[in-house]
Amino acid sequence: MKIVAVTSCPAGLAHTPMAAKALTEAGKKLGHEIKVEQQGIMGRVNGITPEEAKEADFVLIASDQHIDGMERFEGKKVIKVKIGVALKQPEAVLTKCIEALAK
């Protein structure tokens, strides 16, 4: 499955990259293609292009705040979770998202 995700916390210095790494590793471990964009004080890191968004099966937003550039995901299934959950239980988050899409 192709997944694009965005992580963002208020400062964007700690939880944002940590959740991005956790989701990336979990996606690979579960056998999915995943790209994770980080949004924070440094701006966008590893930005998702409109083409990547279009090709994705779904979009995962791991954040408790506003995400810039949501128009890229128009027409896509968008699933939102708290960043802390994505950080602590990335495999469970991805598995639940995929199960929800299968219904």
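The structure presented is a predicted model; accordingly, all values stated were derived computationally and were not measured.

A. Representation of the sheet that holds strand β4 (residues 58-63). Strand order in this open sheet of five strands is β3-β2-β1-β4-β5, and the pairing throughout is mixed. Unpaired on one side and paired on the other, β3 (43-45) and β5 (78-81) mark the two borders of the sheet. Strand-to-strand twist of the sheet, defined as the mean angle between neighbouring strand axes without regard to direction, takes the value 20°. In terms of strand pairing, strand β2 (residues 33-40) meets β3 through three bridges, oriented antiparallel. The partner of Q39 across the bridge, within β3, is R44. Here helix α1 (residues 15-29) sits on the sheet in contact with β1 (2-8), β2 and β4, set at roughly 175° to β2.

B. Seen up close, unusual backbone geometry. A positive phi is found at N46, a non-glycine position, where the angle reads about 60°. Among the structural elements, N46 can be located in the loop between β3 and α2 (50-55).

C. The environment of A19, seen in detail. If you trace the backbone, A19 turns up in helix α1. C-alpha of A19 to C-alpha of I41: the two residues are 22 residues apart in sequence and 15 Å apart in space. Excluding its chain neighbours within four sequence positions, the residues that come into contact with A19 are T7, I83 and L87.

D. Structural view of α1. Taking 1.5 Å of rise per residue, 15 residues should cover 21 Å, and α1 covers 21 Å from first to last C-alpha, within 8% of that figure. The inward-facing, buried residues of α1 contact β1, β2, β4, α3 (83-88) and α4 (90-102). Residue G31 follows α1 closely and has a positive phi angle near 85°.

E. Structural detail: the nonpolar core. Formed by 17 residues in total, the largest nonpolar core has its most connected members in L23, F58, L60 and L94. The set of elements that each furnish at least two residues to this core consists of β1, α1, β2, β4, β5 and α4. Apart from residues lying up to four places away in sequence, F58 is in contact with M1, K2, I3, V4, K77, I79, C97, I98 and L101. With nine residues, the next largest nonpolar core counts V4, A53, I61 and I67 among its residues.

F. Just the pairing of β2, in detail. Bridge count for β1 against β2 is seven bridges, and the pairing is parallel. Bridging from a neighbouring strand, I3 pairs with I34 of β2. Between β2 and β3, which pair antiparallel in sequence order, lie two residues.

What counts and what doesn't
Residues numbered from 1 in each chain as written. Predicted model: local features only at pLDDT ≥ 70, side-chain atom pairs only at ≥ 80, totals over all residues. Heavy atoms only, no water. Pairing = 2+ DSSP bridges. Helix = DSSP H or I, 4+ residues; strand = E, 2+ residues; numbered from the N terminus. Axes fitted to C-alpha atoms, helices over the stretch in contact; angles between N-to-C directions. Contact = heavy atoms within 4.5 Å. Expected span 1.5 Å × (residues − 1). Core = buried A, V, L, I, M, F, W, Y, C linked by side-chain atoms within 4.5 Å. Buried < 20%, exposed > 50% of the residue type's maximum accessible area, 1.4 Å probe, protein only.

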